[in-house]
Every structure is written in structure tokens, then in C-alpha cells.
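Chains, contacts and geometry: an overview
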Amino acid sequence: MSRETDVVVVGGGPAGVEAALAAAAQGLRVTVLDEAPQAGGQVYRAPPHAFGGTIQRDADPIGVALRQRLAASSVVTCFEHAVWSVSPGFRVDALAPDGPASWTARAVVVATGAQERVVPFPGWTRPGVIGLAGTTIMLKSQGMLPGERTLVAGQGPLLLAVAVGILKAGGQVAGVVDLASPADWAREWRALASRPRLTARGAGWRARLLRAGVPFLYRHAVQAVEEVPGGLRVLLTRVDRHGAPTKKVAREYLVDALAVGNGLTASTDITRLLRAAHHYDALRGGWVPTLDAEFRSSLPGLYVAGDAAGLAGADAAVADGILTGLTVARDLGAMTDTAYRGAIGSLRRRARRARSFGTAMARLMAIRPAHVAAIPAETIVCRCEDVTRAEIDAARSEGAQTANQVKAWTRCGMGPCQGRICGDIVGALLAAGEAPREPVGYFTGRTPLRPLPLNLLAGDVEYTSLKLPPPAPL
Ligand SMILES: Cc1cc2nc3c(=O)[nH]c(=O)nc-3n(C[C@H](O)[C@H](O)[C@H](O)COP(=O)(O)OP(=O)(O)OC[C@H]3O[C@@H](n4cnc5c(N)ncnc54)[C@H](O)[C@@H]3O)c2cc1C
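One structure accompanies this document, and this report is about it. (Residues numbered from 1 in each chain as written. Predicted model: local features only at pLDDT ≥ 70, side-chain atom pairs only at ≥ 80, totals over all residues. Heavy atoms only, no water.)

**Concerning the packing of aromatic side chains**
Counted by the stated rule, this structure contains three aromatic pairs. Taken together, a centroid distance of 5.5 Å and an interplanar angle of 75° make the contact between Tyr280 and Trp287 edge-to-face. Of the residues examined, Tyr280 reaches a relative accessible area of 17% and is grouped as buried. Taking the centre distance of 4.8 Å and the plane angle of 65° together, the rings of Trp287 and Tyr442 count as edge-to-face. Of this pair, Trp287 sits in strand E18 (residues 286–289) while Tyr442 sits in the loop between helix H15 (423–431) and helix H16 (454–458); the two residues are 155 residues apart in sequence, bridging distant segments of the chain. Using a relative accessible area of 26% as the deciding quantity, one classes Tyr442 as partly exposed. A network of ring pairs unites the aromatic residues Tyr280, Trp287 and Tyr442 as a single cluster. The ring of Tyr340 carries the charged tip of Arg330 above its face, separated from the ring centre by 4.0 Å. (Phe/Tyr/Trp six-rings, centres within 6.5 Å; stacked < 30°, edge-to-face > 60°. Buried < 20%, exposed > 50% of the residue type's maximum accessible area, 1.4 Å probe, protein only. Helix = DSSP H or I, 4+ residues; strand = E, 2+ residues; numbered from the N terminus. Lys NZ or Arg CZ within 6 Å of the ring centre and 35° of its normal.)

**Quick notes on helix H1 (residues 14–25)**
In this model H1 runs 16 Å from its N-terminal to its C-terminal C-alpha over twelve residues, within 8% of the 16 Å that 1.5 Å per residue would give. With eleven of twelve residues buried, H1 lies mostly within the body of the structure. Of the residues making up H1, those classed as buried are Pro14, Ala15, Gly16, Val17, Glu18, Ala19, Ala20, Leu21, Ala22, Ala23 and Ala24. In this structure, the buried side of H1 is in contact with strand E1 (2–10), strand E2 (30–34), helix H3 (61–71), strand E6 (99–110) and helix H10 (313–331). The first or second residue beyond H1 is Gly27, which carries a positive phi of 95°. (Expected span 1.5 Å × (residues − 1). Contact = heavy atoms within 4.5 Å.)

**Observations concerning the sheet that holds strand E11 (residues 216–218)**
A sheet is described by the order of its strands in space; here five strands give the open sequence E8-E15-E9-E10-E11, paired in parallel fashion. In this open sheet, the two edge strands, each paired with only one partner strand, are strand E8 (129–131) and E11. Neighbouring strand axes in the sheet, compared pairwise and without regard to direction, differ in orientation by 20° on average. Pairing of strand E9 (residues 149–154) with strand E15 (residues 257–261), which is carried by five bridges, proceeds in the parallel orientation. From the neighbouring strand, Gly154 faces E15, where its bridge partner is Gly261. Contacts between helix H4 (residues 132–142) and the sheet are confined to E8, E9 and E15, with E8 contributing the most and set at about 90° to the helix. Helix-sheet contacts for helix H5 (residues 158–168) involve E9, strand E10 (172–178), E11 and E15, and the interaxial angle to E10 is about 175°. (Pairing = 2+ DSSP bridges. Axes fitted to C-alpha atoms, helices over the stretch in contact; angles between N-to-C directions.)

**Some remarks on the pattern of salt bridges**
Under the definition given, this model contains 25 salt bridges. Among the salt bridges present, the one from Arg117 reaches Asp424, with a minimum N-O distance of 2.7 Å. Pair noted here: Arg117 is in the loop between strand E7 (114–116) and E8 and Asp424 is in helix H15, with a separation of 307 residues, a long-range link. Asp424 shares its class with Arg117; the two are buried. A cluster of three or more residues bridged by salt bridges with shared partners is formed by Asp292, Glu294, Arg296, Arg330, Asp331, Asp337 and Arg348. (Salt bridge = Lys/Arg side-chain N within 4 Å of Asp/Glu carboxyl O.)

**Some remarks on the sheet that holds strand E12 (residues 220–228)**
Strand order in the open sheet made by the three strands is E12-E13-E14, with antiparallel pairing throughout. Among the strands making up the open sheet, the edge pair consists of E12 and strand E14 (245–255). Pairs of neighbouring strands in the sheet enclose a mean axial angle of 25°, with direction left out of account. Judged from the seven bridges that link them, strand E13 (residues 231–239) and E14 form a sheet pairing that is antiparallel. Bridge assignment links Leu235 to a residue of E14, and that residue is Glu252.

**Re a nonpolar patch on the surface**
On the surface, a cluster of nonpolar side chains totalling about 460 Å² of accessible area is made up of Val461, Tyr463, Leu466 and Leu468. Tracing the sequence through the fold places Tyr463 in the segment after H16. (Patch = residues over 30% accessible without salt bridge, like charges linked within 9 Å, V, L, I, M, F, W, Y side chains within 5 Å. Areas by Shrake-Rupley, 256 points an atom, 1.4 Å probe, with all protein chains shown as cover.)

**Comments concerning unusual backbone geometry**
Here the residue pair Gly89 and Phe90 is connected by a cis peptide bond, since its omega of 5° sits within 30 degrees of zero. Relative to the assigned elements, Phe90 resides in the loop between strand E4 (82–87) and strand E5 (91–96). Backbone torsion omega between Thr447 and Pro448 reads -5°, so that peptide bond is classified as cis. Mapping Pro448 onto the fold places it in the loop between H15 and H16. In the Ramachandran plot, Glu80 falls in the positive-phi region, its phi being about 55° despite a non-glycine side chain. According to the relative accessible area criterion, Glu80 is partly exposed, its value standing at 42%.

**Here we look at the packing of H10 against helix H11 (residues 337–365)**
Running from amino to carboxyl end, H10 crosses H11 at an angle of 160°, the nearest separation of the two axes being 8 Å. Here H10 lies roughly antiparallel to H11, going by the angle between them. The crossing of H10 and H11 is left-handed. Residues Gly313, Asp315, Ala316, Val318, Ala319, Asp320, Ile322, Leu323, Leu326, Thr327 and Arg330 of H10 touch H11, and the partners they reach there are Asp337, Tyr340, Arg341, Ala343, Ile344, Leu347, Arg348, Arg350, Ala351, Ala354, Arg355 and Gly358. (Parallel < 35°, antiparallel > 145°, perpendicular 65-115°, else oblique. Left-handed = near helix turned anticlockwise from the far one by under 90°.)

**Here we look at the site of the ligand**
With respect to spatial proximity, 30 residues lie near the ligand, and among them Ala15, Asp34, Val83, Lys140 and Asp307 are the closest. Measuring from an oxygen atom of the ligand, one finds a side-chain N or O atom of Asp34 at 2.6 Å. With the chains in place, 91% of the 980 Å² that the ligand exposes on its own is no longer accessible. At the level of elements, H1, E4, E7, H4 and H10 are the ones that each hand at least two residues to the shell around the ligand. A per-class count over the shell around the ligand returns 13 nonpolar, twelve polar and five charged. Domain assignment of the residues forming the shell around the ligand places at least three in each of domain 1 (2–115 + 265–364) and domain 2 (118–262). (Near = heavy atom within 4 Å. Polar contact = N/O pair within 3.5 Å; in protein donor to acceptor, adjacent residues only side chain to side chain. Nonpolar A, V, L, I, M, F, W, Y, C, P; charged D, E, K, R; others polar. Domains from an automatic or database assignment.)

The following block contains the structure:
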């Protein structure tokens, strides 16, 4: 049986929590669903309750305050609830520890954040190779190191965050390998200057790494990883400013883990499932839902906040989350237009400032088409279904022109992750370089959005009692 509420918020990160608190403060019944055990999202991820001790004390104070405010509010929270379907109208289905659960709601706020992107290279699916964002989860929620000696590689601000996190947790960082150049970072000076606190934190991290003797290599990328006795051999190549490798192995590292990531992509599985309008914005994490200035999607009653609307970082997620919650309250008649206008003025300015820093960081993480174009033919692109670049190229030369056609040809994107990891790379390969992504499109959203044991949905079915249709005539 479905539970009834005014608003379901999917995602208990900073965007979702702020949207929920803002809407609930106007008297709406709000339920937050998140597959994580506690609120905080990726950036303020809470350690598991059972851990206690040091890791519990190390939890980010902003995240602790967020959880306290949520607990003190009227918002109903359901953690360890993985949303696997949202149908128009709205019905939201989740898988909870004790089985399936569903809600009907007048409005849905999608605040599902972002997900990791890795530009594939030979060996990226080997044990010991871990996503940069995935490494932050290991460090924050499990207090676990990826290895004793880790090479950190890829793009964007997570490089420094992960490298420092490893040092703090007692690990060794063999080096930080950045696809960008110091000039690429310097180009973002205006945005960096606008957020002195965050810039100072980044500078502090860099200083700490340098003091620990960690070498920085700019304009380099991972060319391949091989398993060797005693660990992994990571081969690095120099790249030009477009991300194209110069083909020479520039350096080798022997490590036991490689943390590697090429930015994030917006989590659009719910908005794609509901067939809301999307557009491609390489600088904000690829395909993003098309929203009006007040966070409404093209589907009435469906709103999107935070990184799920396009990468902009945690501070922007807070401001945009509040604004989205207020829009929902006004649209559902819980707030007058005058009260709404009064509430949003300064918030909008705060959101703009936060977004400018976040989008500068997103630019550093943006996919570089020449980097993708250089993926070798034998490299696996879809790791769920083991589909290689050569198979994608073959489908393309046989006539597949869109992401969905490549999916039908090769099974690429049909595995348990539903194309969340490979989707952007497949699109880049099909678009071949700087060409627009619109003709290539994106994988159509499909349920279940999360892997689901079907027996939980079917319940105790007696197969002999099922009425079978008569066989089709031959
Ligand atoms: C893996 C990862 C690690 C990151 N680590 C950092 C970091 O260390 N520092 C940093 O500054 N930024 C980090 N980021 C970026 C950071 O997440 C964002 O800038 C910021 O947290 C955005 O806030 P948000 O509320 O939009 O989304 P998030 O904080 O990502 O919150 C989204 C929430 O939605 C939930 N969710 C998603 N899909 C479903 C579903 N189907 N069912 C139920 N729940 C769902 C998730 O569990 C999550 O709690 C990371 C991003 C990722 C993907």
C-alpha cells in the first residue's frame, strides 16, 4: 500500500535536506528517501552508526549540523531506501531493508547528486583500481585506505581531497597526476578568489602534500595498468592541452592502488525515466534536466536540485536546495507569492556566488574529447557487460548512430549500473570529438533504477496457480 504525502524528496544530501526543510517549514508533509544509512549525501557522508570512535568524531561538522536540523524538523526520513521507480502522477517506489515501500506525492524533488566518471584505459577494471569519488566513500564511511601506497590520478578538485584524505588516514601517496596544467587552474582565478575559504583549504591541502614529498605531475594521464607481482604497474603518458596522449610512456609507478577519476556526471536516471526534457552541458556534467529559473523541470510537479541539475558543488547545493523547497511550497499553495519573493532575494545572490565557484571546479573536471578519442580499441568501456571500444566502433560503422542503438547492438549500458558509468563515454565516442551530443542522445531511463530482487516484489507466488494465456497459433 502506498503512503500519501505532499512532497517526496529523493536524496538526503545537502540539496535534498535543504529542499525538504524549506518545504516542511511552510507546513507541507515532506518525506526524504535515501539509500544511504544517514543524511549528508556524498560530501557530508556520515560514518556508519556502528563505527563510533575516531571516525565518528571526524565527521564533518557541517554534516553533523545538517543531520541535527533534519532530526529536529517535521520531515519524515527513510534511509536505506533505494528508489527504483518514479511514475508520473507521482508514485515513488523504493526498496527498504524490510521489503518494498511506496509513496504517492503531489510533487517530487530529485536531489540525487552526481556519479563518478572514468575515461577508460587498459586495466581500469582490475582490482586495486578505484574511482576517485569511490575512494572518498571508502575513506569517509569505512575509514579504509585503498592501499598502502596509492597513486592518485585524473581531473579536478577531488584529486587534492583524495590525496590528503589518504595521508590523513595514514596511507602513502605515490603522486598526484593531473590531466590539467597549472595554467588551467590559474584560468579559474576569478572563481577561486570569490570563495577565499575554499581556495585556502585547497592551498592548505596542496602545501600538506608537498611537505609530505608527494610529487605533482601536470598534463599527464594514465595510459594503462598492469598487474605485476607486488601490486600494479601504472604507466603514465603526457597529454597535450586537449587531453590527447603523446603516445610515449612518460613514467611508471609501482603501487598497490590507483585512485582515478575524470570528474562527475549529473545523476539523471529519474528525470530520464520520467521523460523530462534534458540538454547537454559538458561543463556541468553532461546531460542535465532542462529547468526554469525556479528549478521546475518540463514535467509539472517534478523539481531538480543540487548536482542532479548540473554540477555546482556542495555550497550551491545548499542554496539551490532551499530555493527549490520554497518554489515547491509556493506551487503547492503553502506560501503566498509575496512571502516567496521576500524569502528568495538574498538567497538567489548566495546561490549565484556558490554556483560560480562550483562550475569553475566542474570546468576542471569536464570531459576532454581528445582524451576519450584515444581510448584503445581493446579497452572495456561498459564494465557491467564487458563491451569494448572496438565493439562500439563496429556497431557505429554498421549504422548505430545513437546511444540507444549502440545499447541494442552491443548490450552496452544494459548491466546493473544501467549505463550510469559508461553513458557519457559512449556518447563522446559516438559524437566523435567536439560534435554536438544532441543527435547521439542518451540511454533511455528504465526501471529498476537500482538492482532489485524480483521475489521481493512478487511476494509468495504459487506458480501453478498462475493463469497462462493460450499458446500463440503457429
Ligand atoms: C561518490 C562521490 C563522492 C564525492 N565526494 C566529495 C567530497 O569528498 N568532497 C566534495 O566537496 N564533493 C564531493 N563530491 C561532490 C559532491 O557530492 C557534491 O558537490 C554535493 O554533495 C552535491 O550535493 P547534492 O545534495 O546535490 O548531492 P549528494 O550529496 O550526492 O546527495 C545525493 C543523495 O542522493 C542519494 N540517492 C541517489 N540516488 C538515489 C536513489 N535512486 N535512491 C535513494 N537515494 C538516492 C544518495 O545516496 C545521496 O545521499 C562527491 C561526489 C560523488 C559522486
